[in-house]
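# A closer look at the structure
Below, each chain spelled out in residue letters.
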Amino acid sequence: MSGNPLLGMQYVWRGFQNLRTPGLRRYVAFPLLLNILIMGGASVWVITHIDGWVGQIVDMLPGFMAFLYWLLMPLAVLVVVFGMAYFFSAVLMILAGPLNGLLAERVETMQGHSLPDESIPAMTVRTLGRELTKMMYYLPRYLGIFLLGWIPGIGQLLAPPLWFWFGGWMMAVQYTDLSFDNHTKPFADVRERMSQDLWTVMGFGTLVALLLTVPVINLFVMPAAVIGATLMRLERMPFDGASGKVGYAELSGNETPRLTHDETQGTGR
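Before going into details, it helps to say that this report is about the structure given with it. (Residues numbered from 1 in each chain as written. Predicted model: local features only at pLDDT ≥ 70, side-chain atom pairs only at ≥ 80, totals over all residues. Heavy atoms only, no water.)

### Considerations on the overall build of the chain
A tally of regular secondary structure across the chain gives 8 helices and 0 strands. Helices and strands in the chain line up, N terminus first, as α-α-α-α-α-α-α-α. Looking at the chain as a whole, 48% of its 269 residues are labelled buried. Considering only contacts within the chain whose residues lie at least 6 apart along the sequence, 84% involve residues at least 24 apart. For the chain, the accessible surface area stands at approximately 12,600 Å², while carbon and sulfur atoms represent 68% of it. (Helix = DSSP H or I, 4+ residues; strand = E, 2+ residues; numbered from the N terminus. Buried < 20%, exposed > 50% of the residue type's maximum accessible area, 1.4 Å probe, protein only. Contact = heavy atoms within 4.5 Å. Areas by Shrake-Rupley, 256 points an atom, 1.4 Å probe, with all protein chains shown as cover.)

### Some words on the packing of aromatic side chains
In total, this model carries 4 aromatic pairs according to the counting rule given. A centroid spacing of 6.3 Å and a plane angle of 45 degrees characterise the contact between Tyr137 and Phe166, whose relative ring orientation is tilted. Placement of the pair is Tyr137 in helix H4 (residues 120-149) and Phe166 in helix H5 (residues 154-182), with a sequence separation of 29 residues. We note that Tyr137, like Phe166, is buried. (Phe/Tyr/Trp six-rings, centres within 6.5 Å; stacked < 30°, edge-to-face > 60°.)

### Looking at the pattern of salt bridges
According to the stated counting rule, one finds 8 salt bridges in the structure shown. Note that Asp177 and Lys134 form a salt bridge whose closest N and O atoms lie 3.2 Å from each other. Here Lys134 lies in helix H4 and Asp177 lies in helix H5, a separation of 43 residues in the sequence. Looking at Asp177, the relative accessible area reads 0%, which means it is buried. (Salt bridge = Lys/Arg side-chain N within 4 Å of Asp/Glu carboxyl O.)

### Considerations on the nonpolar core
Trp169, Tyr175, Met194, Phe204 and Val208 are the most contacted members of the largest nonpolar core, which has 50 residues in total. Counting only elements with at least two residues in this core, the list comes to helix H1 (5-17), helix H2 (25-59), helix H3 (69-110), H4, H5, helix H6 (187-195), helix H7 (198-211) and helix H8 (218-236). No other element matches H5, which puts 11 residues into this core. In contact with Trp169, not counting residues within four places along its chain, are Tyr137, Arg191, Met194, Ser195, Leu198, Val201 and Met202. (Core = buried A, V, L, I, M, F, W, Y, C linked by side-chain atoms within 4.5 Å.)

### A few points about H4
Given 3.6 residues to a turn, an α-helix orients residues that are three or four positions apart in the same direction. If you check H4, its first and last C-alpha atoms are 42 Å apart, about what 30 residues at 1.5 Å a residue would give, namely 44 Å. If you look at H4, its biggest bend is around 30 degrees, right at Tyr138, and the proline Pro140 turns up within four residues after that. Every buried residue of H4 is listed here: Met123, Arg126, Thr127, Arg130, Glu131, Lys134, Tyr137, Tyr138, Tyr142, Ile145 and Gly149. (Expected span 1.5 Å × (residues − 1). Bend = angle between axes of the 7 residues up to and from the residue.)

### Examining the environment of Val125
In this structure, Val125 sits in helix H4. Assessed through its relative accessible area of 62%, Val125 is described here as exposed. Between the alpha carbons of Val125 and Pro98 there is a distance of 8.3 Å; along the sequence they are 27 residues apart.

### Structural notes on H7
End to end, H7 covers 20 Å across 14 residues, agreeing with the expected 20 Å (1.5 Å per residue, within 8%). Most of H7 sits out of view: 11 of its 14 residues are buried. Along H7, the residues classified as buried are Leu198, Thr200, Val201, Met202, Gly203, Phe204, Gly205, Thr206, Val208, Ala209 and Leu211.

### Structural notes on the packing of H4 against H6
At a minimum axis separation of 11 Å, H4 and H6 run at an interaxial angle of 60 degrees. Residues Arg130, Thr133, Lys134 and Tyr137 of H4 form the contact with H6, whose own contacting residues are Phe187, Val190 and Arg191. Among the residues making up the contact of H4 with H6, the classes are represented as 3 nonpolar, 1 polar and 3 charged. (Axes fitted to C-alpha atoms, helices over the stretch in contact; angles between N-to-C directions. Nonpolar A, V, L, I, M, F, W, Y, C, P; charged D, E, K, R; others polar.)

On their own, these measurements won't tell you what the molecule is for.
Listed below in structure tokens is the structure:
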């Protein structure tokens, strides 16, 4: 497996850095508002119910495993927290898919890349269809991990790391795919291309997954992740084999490339 997880995490930071970049603000505003409404409400709901859910999971332990309570209790919390974070993130991505597609497109045009011409209604239909395709990919796998977590003992030990690993992968796929989909690349090709730079992808995805569980910060994760994932796709997974620009992995020191701003660029949308 190739790549660098720290490099992937840096793309998340670059996403946050560029939230206020001129030329991106209007594309960030609507996804950010939707994110605040959904993730803010979801955070309050989970906090008020998590104690009861975890209690139910722990009550499933057989009597002879009672001594494992303090080991399994944190694992049960992780299962619930990550499960809810991924669930609400998936709902949010479906609702905000077209808005995020426009944001990813704008990031590319500001970096000097061109995209196929497409009307907003056509892009909306395509983006929503792609979100359903991704849902059909990850729902059976999430369900399998969820059911595994209800198996006392071994299942509860294996489920949290599986949630963490697959959740990180799906967060990376979810956001990076926006740029691929804007170029109408097949979803199977997206997964294959991302697996070739797996450690970078996982560094990005696992950090996004962790930030989704942090109150307040999780309100800003979605637009930042869209920006960071698009930059990662452009620099690490260019379609022509070379991006024509200096990749962040090739930079030395503390220099952090920022998005350029040129109001004459764009797709006319």
